[in-house]
Amino acid sequence: REVKPLARLSLALVFEKASLRTRTTFDVGMYQLGGHAITLSNTEIGLGTRERVSDVARNLERWVDGVMARVYLQGNLQELAENAGIPIINGLSDMLHPAQLLADYQTIEEEFGTNLKGLRVVYIGDGNNLANSHIHMGILTGTDVTVVTPVGYEPNAGVLMDAVKAGVTVTLTNDLAAVEGADVLYTDVWISMGQEAEADIRRRAFRGYQVTPEMLDTIAPDGIFLHCLPAYRGLEIAADVIDGPQSVVWDEAENRLHVQKALLTFLLRSSS
Ligand code: CP
Ligand code: NVA
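In this report, the structure presented in the accompanying data block is examined. (Residues numbered from 1 in each chain as written. Chains lettered and ligands numbered in written order. Predicted model: local features only at pLDDT ≥ 70, side-chain atom pairs only at ≥ 80, totals over all residues. Heavy atoms only, no water.)

1. Re the site of ligand 2
1) Next: All residues in the neighbourhood of ligand 2 are listed as Leu-92, Asn-128, Asn-129, Leu-130, Asp-188, Val-189, Ser-192, Met-193 and Leu-229.
2) Next: A distance of 2.9 Å separates an oxygen atom of ligand 2 from a polar side-chain atom of Asn-129.
3) Next: In the model, a nitrogen atom of ligand 2 is placed 2.6 Å from a nitrogen or oxygen of the Asp-188 side chain.
4) Next: Coverage of ligand 2 by the protein chains reaches 95% of its 270 Å² of free accessible surface.
5) Next: When its residues are assigned to classes, the shell around ligand 2 shows five nonpolar, three polar and one charged. (Near = heavy atom within 4 Å. Polar contact = N/O pair within 3.5 Å; in protein donor to acceptor, adjacent residues only side chain to side chain. Areas by Shrake-Rupley, 256 points an atom, 1.4 Å probe, with all protein chains shown as cover. Nonpolar A, V, L, I, M, F, W, Y, C, P; charged D, E, K, R; others polar.)

See the structure below:
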């Protein structure tokens, strides 16, 4: 029996930035659930430039059943949400990337089971949107999260405050030795979308923070390596690691589709 829980429902995909995985998985996910996705690039809609963010929201809510938006400013997502009576899904902002973390944790559960309490997740690299969302997942699931960054590239202060308020300890350090014994080792690009002008400074600042085979040797024997992709071999990640046996990055990418289908069903079916 074919199950089409989102038959006749539409999702708008708004992109201020480039995407392979997010664009494809939300679109294919909607199709597989019986719904429909429409992709709107920022050259078309000009979020906040051609038209106020609040007016974009007021229009979209009249036609579609949900919006997935990839934006620079987290505040733009909030403005969309405040002005539309339909679900607004964060498909990455400068601050957070929660849809990615859902897939990451599905992958972690596939490897370690569903009792995540105390599982050591070590994120190394830039204290960016991925690092911030890792901290939120630590708060939600009870994993033991460590974030290893160069000085000056620590995670968002407000997100760290979320952990304090939740009574959850997050370890922040500049010391590479914190990787030792990790169950999950995670890294991301050193230069996120929008930071291209800082590329040289960042490459210098992050030298030494590459995930190498030697570093991987120090994690737990059954430990895994994750990366949200796209990856830059020779910068944040050595080719032998991402293409090696402890890397589960392709399962992780596949899971974007599965877990987002669950998210879409939960959000759109219940709101329709
Ligand atoms: N990981 C991720 O979000 O990939 P895209 O930027 O290709 O969507
Ligand atoms: N931190 C990266 C993630 C890309 C999926 C960026 O924001 O560009």
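2. Observations regarding the sheet that holds strand E1 (residues 10-15)
Two orientations exist for strands paired in a sheet by backbone hydrogen bonds: parallel and antiparallel.
1) Next: Spatial strand order, E2-E1-E3-E4: four strands in an open sheet with parallel pairing. Among the strands making up the open sheet, the edge pair consists of strand E2 (36-41) and strand E4 (88-90). Looking at each pair of strands side by side, their axes are set apart by 20 degrees on average, direction ignored.
2) Next: Pairing of strand E3 (residues 66-70) with E4, which is carried by three bridges, proceeds in the parallel orientation. Bridging across to E4, Val-67 finds its partner in Ile-88.
3) Next: Strands in contact with helix H4 (residues 74-83) are E3 and E4; relative to E4, the strand with the most contacts, it is inclined by about 165 degrees. (Pairing = 2+ DSSP bridges. Helix = DSSP H or I, 4+ residues; strand = E, 2+ residues; numbered from the N terminus. Axes fitted to C-alpha atoms, helices over the stretch in contact; angles between N-to-C directions. Contact = heavy atoms within 4.5 Å.)

3. Focus on the packing of helix H6 (residues 129-141) against helix H7 (residues 157-166)
1) Next: Where H6 meets H7, the axes come as close as 9 Å, and the angle between the chain directions of the two elements is 10 degrees. By the angle between their axes, H6 is roughly parallel relative to H7. Across the interface between the two elements, Asn-132, Ile-135, His-136 and Ile-139 from H6 touch Val-159, Leu-160, Asp-162, Ala-163 and Ala-166 from H7.
2) Next: Among the residues making up the contact of H6 with H7, the classes are represented as six nonpolar, two polar and one charged. (Parallel < 35°, antiparallel > 145°, perpendicular 65-115°, else oblique.)

4. With respect to the nonpolar core
1) Next: Ranked by size, the top nonpolar core spans 23 residues in total, and within it Tyr-105, Ile-108, Val-147, Val-184 and Leu-226 carry the most contacts.
2) Next: Counting only elements with at least two residues in this core, the list comes to helix H5 (98-112), strand E5 (120-124), H6, strand E6 (144-148), H7, strand E8 (184-187) and strand E9 (224-227).
3) Next: Broken down by element, this core gets its largest block of residues, four residues, from H6.
4) Next: Residues Leu-185, Tyr-209, Val-211 and Val-241 belong to the second largest nonpolar core, which totals 20 residues. (Core = buried A, V, L, I, M, F, W, Y, C linked by side-chain atoms within 4.5 Å. Buried < 20%, exposed > 50% of the residue type's maximum accessible area, 1.4 Å probe, protein only.)

5. Observations regarding the site of ligand 1
1) Next: Taken together, Ser-19, Leu-20, Arg-21, Thr-22, Arg-70, His-97, Gln-100, Cys-228, Leu-229 and Arg-256 form the complete shell of residues around ligand 1.
2) Next: The contact in question runs from an oxygen atom of ligand 1 to an N or O atom on the side chain of Arg-21, over 2.8 Å.
3) Next: Protein chains shield 95% of the accessible area of ligand 1, which is 260 Å² for the free molecule.
4) Next: Looking at side-chain class alone, the shell around ligand 1 contains three nonpolar, four polar and three charged residues.

6. Remarks on the packing of H5 against H6
1) Next: One can describe the packing of H5 onto H6 by two numbers: an axis separation of 9 Å at closest approach and a directional angle of 55 degrees. With respect to H6, the axis of H5 lies oblique. Judged by the twist between their axes, the crossing of H5 over H6 is right-handed. Residues Pro-98, Gln-100, Leu-101, Asp-104 and Tyr-105 of H5 lie in contact with H6, whose contacting residues are Leu-130, Ser-133, His-134, Met-137, Gly-138 and Thr-141. (Left-handed = near helix turned anticlockwise from the far one by under 90°.)

7. Some remarks on the environment of Gln-78
1) Next: Mapped onto the secondary structure, Gln-78 falls in helix H4.
2) Next: Accessibility expressed as a relative area gives 42% for Gln-78, which makes it partly exposed.
3) Next: Sequence separation of Gln-78 and Asp-251 is 173 residues, and the distance between their C-alpha atoms is 31 Å.

8. Overview of the pattern of salt bridges
1) Next: Overall, the coordinates contain seven salt bridges when judged by the stated rule.
2) Next: We note a salt bridge from Arg-58 to Asp-55, for which the minimum N-O separation is 3.2 Å. Remark: Asp-55 and Arg-58 occur in helix H3 (residues 53-63); sequence separation between them is three residues, near one turn of the helix.
3) Next: A single salt-bridge network, built from bridges that share partners, covers Asp-126, Glu-198 and Arg-202. (Salt bridge = Lys/Arg side-chain N within 4 Å of Asp/Glu carboxyl O.)

9. Things to note about H5
1) Next: Compared with the 21 Å implied by 1.5 Å per residue over 15 residues, the 20 Å span of H5 between its first and last C-alpha is a close match.
2) Next: Restricting attention to buried positions, one finds in H5 the residues Ala-99, Gln-100, Leu-101, Ala-103, Asp-104, Tyr-105, Thr-107 and Ile-108. (Expected span 1.5 Å × (residues − 1).)

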